[in-house]
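# Structural features, examined
Below, each chain spelled out in residue letters.
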Amino acid sequence: MKTNLSHLLLTLTTLSTLVHATPPPPTVTCNAGDVNCTVTNGYGIYPDRTTCKAASVARPADESELLSVVSDASQKKQHMKVVTLYSHSIPKLSCPGGPDGEGLVISTENLNRVMNVDPLRGRMTVGGGITLRGLIDAAAENGLALPHSPYWEGMTLGGLIGTGSHGSSLSGKGPAVHEYVVGVRMVVPSTSAGGDGKYARVVGLVEGDEDLLAAKVSLGVLGVISQVTLQLEPMFKRSITNRVERDDGFENRIAAFGSVTEFGDITWYPSQGRVVFRDDFRVPITTKGNGLNDFTGFRAQPRLIIEGIRITEELLEATNNPSGKCVLSIGQVTILLESGLGLKNRDGSLLEFTGYPVIGNQSDMQTSGSCLDGKDDLLLTACGWDRRIHGLLYHQTTVSIPLPNITSFISDVKKLRNINHDSLCGVELYYGFLMRFIKASTAYLGKTADSVDVDITYYRSNDPLDPRLDEDVLEEIEQMALFKYKGMPHLGKNRNVGFVGMREKLGVKGDLFVKAMEKYDPEGLFSSDWSDAVLGLRGKALTVEKKGCALEGLCICSRDEHCAPEKGYLCRPGMVYTEARVCRREDDGLLKMEVQ
């Protein structure tokens, strides 16, 4: 089996360099024209698996049209939400509030132009709907670079700053794109008509305006971001080397590594005892090198390979075979590391990756997403998560843990791993524990402390009542990160339980943000049950107590029925963090108690 799985992974890595994926489908589909619509995210499924209906979709081409759209909806007291080109936020950010099926969604797909570039000041103004890749390329054409960015290039600028998305750095202003925003224009609703007869207005905010601290990370609840002005830098190059070590005591070196690397991150494969330090720093633009970051997980992949890997993992789940996942993960991680994790030297060799360091322009190294670039080939190829095929379906738990707490958090995770080494092999199939550094932010919904952002991706069943292998371990880690170590959730990721207590963690900043909401959208037309629950407003609840709710992260179990008692999964205390309440398979629990 090991040989066959290794061959499968090698084939995937090889073929992914030869194909270009069918682009993802639209996230808004309508029965006729632009009315009677269904709204989803790029994965085709929200955390609660409900369907979002909207009365219609509007596609304004400029700020003037956007003003008319918001005015018309505001006059009718119609709830609104922004939808973006690929909508890769996992939570229910893009579903309008109000009665189901009566809201309006406003697509920013046409608000994607470059309005102004000032190379002397290093500033560029662009539409809020421009994709990260479009932004980066436009800056590069003018000799400029966005200092930091997320790793996935398919997000829009309005969407990524609205969720506080970021790269990895403790240097300077930090890695969050919103820290480089020096101006915002947004269209907000009005309760009465202005001098122009519109029930909406354009608000312009610049550095020094207190409300910019609300608008920079807004969850989309203030209005629609029409334009953003960014402070950029002259183009520079980066040098990247992935350094693999054993994980013995690495938790004691995380803070020191973060203090000396400008762009570096850490990937931990706990079951294999391996950790990858990405030594990543800037070098002069004259440095030789034409490298490219084409991360393997974001490349085009043949549909047959995508579906084959998913079916294999489903089989391992159905047969209760975590050791099979360990075999699969060892083969996958080894091949990925040997192939440079998708880095390309582009030095004239027939091979993509010929060794470290890989050096290239910031615009070529900071983000990736080549599976978005292809032409339609009838789904012979696709992004791995394309919802039209039987591909990847996963949960994400992404929590920023205050820097002083990260050593103890990793030590606790090691204790869980040592009870059962196979329990975290499944995480390694989704690139392990990705740890990025992020600075405290002045934005009201930004990070409250210098932190290590821990990103964990893991298997999700097609059946919401079907538990996962070693479900309890990841639930304990999730609760440990959020509650024991006081982590802040990533606003564009996470299951519902990830946002429990967020308003309290924000403290005074949360109050200031709510005041801005009341100022710019006093009737809550851009709010929804989900955003109200996250912000602790209007009595809305984040968690839902029902049969099997803990399996999907809709609740923390307090009764066995919240798990899957008919399949042997009962609600039990955590093994290391005993305050946690997790769904543990009964025979697994007995085995783990014996090991302890």
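Residues numbered from 1 in each chain as written. Predicted model: local features only at pLDDT ≥ 70, side-chain atom pairs only at ≥ 80, totals over all residues. Heavy atoms only, no water.

Another aspect to go through is the pairing of strand S2 (residues 35–39). Here strand S1 (residues 28–32) pairs with S2 via four bridges, running antiparallel. Bridge assignment links Thr29 to a residue of S2, and that residue is Thr38. Joining the antiparallel neighbours S1 and S2 is a turn of two residues, in which Gly33 adopts a positive phi near 60°. Alignment of S2 against strand S3 (residues 52–58), held across four bridges, turns out to be antiparallel. Counted as the bridge partner of Thr38 is Lys53 from S3. (Pairing = 2+ DSSP bridges. Helix = DSSP H or I, 4+ residues; strand = E, 2+ residues; numbered from the N terminus.)

On to the UniProt feature "domain: FAD-binding PCMH-type" (unreviewed entry) in the protein, then. Mapped onto this numbering, the UniProt entry gives "domain: FAD-binding PCMH-type" (unreviewed entry) at residues 50–235. Taken end to end, residues 50–235 comprises 18% helix and 28% strand; its first and last C-alpha atoms sit 44 Å apart. (UniProt positions renumbered as here; feature names shortened; annotations may be inferred.)

Attention now goes to the side chain of Arg584. Assignment of secondary structure puts Arg584 in strand S26 (residues 581–585). What makes Arg584 buried here is its relative accessible area of 9%. Among the polar contacts made by the side chain of Arg584, one reaches the side chain of Asp472 at a distance of 3.0 Å. Polar contacts involving the side chain of Arg584 include one to the main-chain carbonyl oxygen of Pro573, which spans 2.9 Å. (Buried < 20%, exposed > 50% of the residue type's maximum accessible area, 1.4 Å probe, protein only. Polar contact = N/O pair within 3.5 Å; in protein donor to acceptor, adjacent residues only side chain to side chain.)

So, on to the sheet that holds S2. One open sheet holds the five strands; their spatial order is S1-S2-S3-S5-S4, and the pairing between them is mixed. The open sheet has two edge strands, S1 and strand S4 (80–83), and neither has a second partner. For this sheet the average axis-to-axis angle between neighbouring strands, irrespective of direction, equals 40°. Contacts from helix H2 (residues 63–75) reach S3, S4 and strand S5 (104–107) within the one sheet, and its direction differs from that of S5 by about 170°. (Axes fitted to C-alpha atoms, helices over the stretch in contact; angles between N-to-C directions. Contact = heavy atoms within 4.5 Å.)

Mapped onto the fold, Leu120 is located in the loop between strand S6 (114–118) and strand S7 (123–127). Judged by relative accessible area, Leu120 falls into the exposed class, the value being 85%.

What the rule picks out here adds up to seven disulfides. Through a disulfide, Cys371 is tied to Cys383; the S-S separation comes to 2.1 Å. Residues Cys371 and Cys383 are joined by a disulfide whose S-S torsion is about 95°; by sign, that bridge is right-handed. Placement of the pair is Cys371 in the loop between helix H9 (362–365) and strand S20 (381–382) and Cys383 in the loop between S20 and strand S21 (394–402), with a sequence separation of twelve residues. (Disulfide = S-S within 2.5 Å.)

Moving on: helix H8 (residues 322–338). Owing to its 3.6 residues per turn, the α-helix aligns residues three or four sequence positions apart on the same side. In this model H8 runs 24 Å from its N-terminal to its C-terminal C-alpha over 17 residues, within 8% of the 24 Å that 1.5 Å per residue would give. For H8, a buried count of twelve out of 17 residues is recorded, marking the element as mostly surrounded by other parts of the structure. All of the buried residues along H8 are Pro322, Gly324, Lys325, Cys326, Leu328, Ser329, Gly331, Gln332, Val333, Ile335, Leu336 and Leu337. A positive backbone phi angle near 75° is found at Gly340, which sits one or two residues after H8. (Expected span 1.5 Å × (residues − 1).)

This part takes up the nonpolar core. Leu135, Leu157, Met186, Leu230 and Phe513 are the most contacted members of the largest nonpolar core, which totals 71 residues. Setting aside its immediate chain neighbours within four residues, Leu230 contacts Gly122, Arg123, Met124, Leu135, Leu146, Leu157, Val177, Tyr180, Val181 and Val182. Formed by 37 residues, the second largest nonpolar core is a distinct cluster that contains Leu170, Phe409, Phe437 and Ala481. (Core = buried A, V, L, I, M, F, W, Y, C linked by side-chain atoms within 4.5 Å.)

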